[in-house]
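Analysis of the macromolecular model
Single-letter residue listing:
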Amino acid sequence: MKVGIYGQYYKGEAISYIEILLKTLAAKNIDVFIEENFYDLIKVNNFPEKEYQTFSSYKDLDNSFEVMLTVGGDGTFLRAVTFVRDLDIPILGINIGRLGFLATIQKDSISEAINLLITRKYTINERTLLSVTSNKKNDDLSEINFALNEIAVSRRNTTSMITVESYLNDEYLTSYWADGLIVATPTGSTGYSLSCGGPVITPNTKSLVLTPIAPHNLNARPLVIPENTNIKLKIIAREKQALLSLDSRTTTIDSNSVITIKKADFSLKTIQLDQQTFFKTLRDKLLWGEDKRN
Ligand SMILES: NC(=O)c1ccc[n+]([C@@H]2O[C@H](COP(=O)([O-])OP(=O)(O)OC[C@H]3O[C@@H](n4cnc5c(N)ncnc54)[C@H](O)[C@@H]3O)[C@@H](O)[C@H]2O)c1
Ligand SMILES: Nc1ncnc2c1ncn2[C@@H]1O[C@H](COP(=O)(O)OP(=O)(O)OP(=O)(O)O)[C@@H](O)[C@H]1O
């Protein structure tokens, strides 16, 4: 078995968890490749004990990797998607961050999780991704043009609202007067969209949700739409530019740009170990349905 390991940060207390991870993988004779920058970060005081092979980009990976393990929080998990892209390598996140909604393995159950992985006690989930095109050239979108959580447009460098004129399959929907508009996947429904009043959508539902960000309107509500909808948005901002975000990454778009958001033509595979279900994560991490009477 060949696995990749990706992390973005490294802080002292994490060393013991990374040690457990590397030792567990070595004991099972698993071929480990570590992302180059993360490897440089963890190499301190003769650690790790042996040399590892590395990868530095999407180009160094292929589908002979059984899994990409991420070490960090959800931000790290989201960044790992930019390495894996359409290669069909499933991602499994070890949470040594804070919330860890996507990174579901808890740091104190690393060896158990690796054992479940090796004995293939898991299911693979396919997660929908989004992609965006603009009627104006944008180099930032030429390569990494996909998002697992959401694509959002929002105001930039100003307190003025923006107007987002929206069309679904070329039919006019409405014009949102708001701080912005989020188009979220089921995966992203528990992220930014949730904070703006959007519904939770279970991961395998074939839907997207349009969630306005602070609309100055009493009747703008989140709208759930089929995942194959062609979403066209015209952004009108008082400033010359607005912000376009794809998960943790941002770029700017000119006012009056028209962007088209669609389901990406590839999906992301995530690993759901036996014992770990979406509803369990919802209860454990977002305290879903928590009630003092229970
Ligand atoms: N007000 C908000 O809630 C808000 C604002 C901006 C971005 N975000 C979310 O943060 C994501 C980017 O993550 P980051 O680490 O770069 O930013 P960040 O450091 O601001 O973290 C955002 C928080 O959202 C959580 N999160 C991310 N994706 C999630 C998901 N699918 N389900 C449940 N929780 C999730 C993370 O664990 C973290 O606690 C964006 O894709 C967006 O969904 C949320
Ligand atoms: N490899 C690591 N070693 C030590 N600490 C880490 C590591 N990765 C992440 N962290 C800690 O976790 C924090 C959050 O990590 P990250 O940015 O990946 O997740 P996040 O998007 O904030 O999501 P979450 O709330 O799930 O942690 C970091 O600021 C850092 O303090």
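Basis of the calculations
Residues numbered from 1 in each chain as written. Chains lettered and ligands numbered in written order. Predicted model: local features only at pLDDT ≥ 70, side-chain atom pairs only at ≥ 80, totals over all residues. Heavy atoms only, no water. Helix = DSSP H or I, 4+ residues; strand = E, 2+ residues; numbered from the N terminus. Buried < 20%, exposed > 50% of the residue type's maximum accessible area, 1.4 Å probe, protein only. Near = heavy atom within 4 Å. Polar contact = N/O pair within 3.5 Å; in protein donor to acceptor, adjacent residues only side chain to side chain. Areas by Shrake-Rupley, 256 points an atom, 1.4 Å probe, with all protein chains shown as cover. 1 Å grid on protein atoms, 1.4 Å probe; cavity = no way out; pocket = protein on both sides within 12 Å on 5 of 7 lines; lining within 4 Å. Sits in = over half its atoms within 2 Å of the grid points. Nonpolar A, V, L, I, M, F, W, Y, C, P; charged D, E, K, R; others polar.

A word on unusual backbone geometry
Cis geometry marks the peptide bond from Phe47 to Pro48, where omega comes out at -10°. By secondary structure assignment, the location of Pro48 is in the loop between α2 (36-42) and β3 (53-55). Positive phi, normally seen in glycine, also occurs at Asn29, with a value near 55°. Relative to the assigned elements, Asn29 resides in the loop between α1 (15-27) and β2 (31-35). Under the relative-accessibility criterion, Asn29 is labelled exposed at 71%. One non-glycine residue with positive phi stands out, namely Asp170, at about 70°. Looking at the element boundaries, Asp170 is found in the loop between β10 (162-168) and β11 (171-178). The class for Asp170 is exposed, based on a relative accessible area of 56%.

Some words on the site of ligand 2
Looking at ligand 2, there are 16 residues lining it, with Tyr9, Lys11, Thr76, Arg98 and Gly100 nearest. For ligand 2, an oxygen atom lies 2.9 Å from a polar atom in the backbone of Leu99. Between Gly100 and ligand 2, the recorded distance is 2.6 Å, taken from a backbone N or O atom to an oxygen atom. Surface burial for ligand 2 is 83%, taken as the share of its 620 Å² of free accessible area covered by protein chains. Judged by the proximity of its atoms to the pocket grid, ligand 2 belongs to the largest pocket. Contributing elements (two or more residues each) for the shell around ligand 2: β4 (67-72) and α3 (74-84). Of the residues forming the shell around ligand 2, the biggest block, three residues, is contributed by α3. The residue makeup of the shell around ligand 2, split by class, is seven nonpolar, six polar and three charged.

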